[in-house]
Amino acid sequence: MARIENPDDVIGVCSECKSDQPEQYMMRNPFAQEGKPVPCKYCGGVVIITYRETRDEALDGSDKSRGI
């Protein structure tokens, strides 16, 4: 695994529609505040929290684990 250059640069990305989630949406979402999976703002899919640098690898890993 590659070394993360900026460990504070974390994003939410939908595992279904692959869209980046707005930061304010993620911060204000009651699911996130409870430590639960956040639904996508656009399609309702499950949001993956990952480093911006590893966004594509996280999505690929999610797809592979689901057999897509």
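Residues numbered from 1 in each chain as written. Predicted model: local features only at pLDDT ≥ 70, side-chain atom pairs only at ≥ 80, totals over all residues. Heavy atoms only, no water.

### Overview of the pattern of salt bridges
This model, assessed by the stated rule, comprises eight salt bridges. Note that Arg 52 and Asp 9 form a salt bridge whose closest N and O atoms lie 3.0 Å from each other. Placement of Arg 52 in the loop between strand S2 (47-51) and helix H3 (55-65) and of Asp 9 in the segment before strand S1 (10-14) is noted, with a sequence separation of 43 residues between them. Residue classification places Arg 52 among the partly exposed positions, given a relative accessible area of 44%. For Arg 55, the salt bridge identified is with Asp 56, shortest N-O distance 3.2 Å. Counted as one network, the salt bridges with shared partners bring together Glu 16, Lys 18, Asp 63 and Arg 66. (Salt bridge = Lys/Arg side-chain N within 4 Å of Asp/Glu carboxyl O. Helix = DSSP H or I, 4+ residues; strand = E, 2+ residues; numbered from the N terminus. Buried < 20%, exposed > 50% of the residue type's maximum accessible area, 1.4 Å probe, protein only.)

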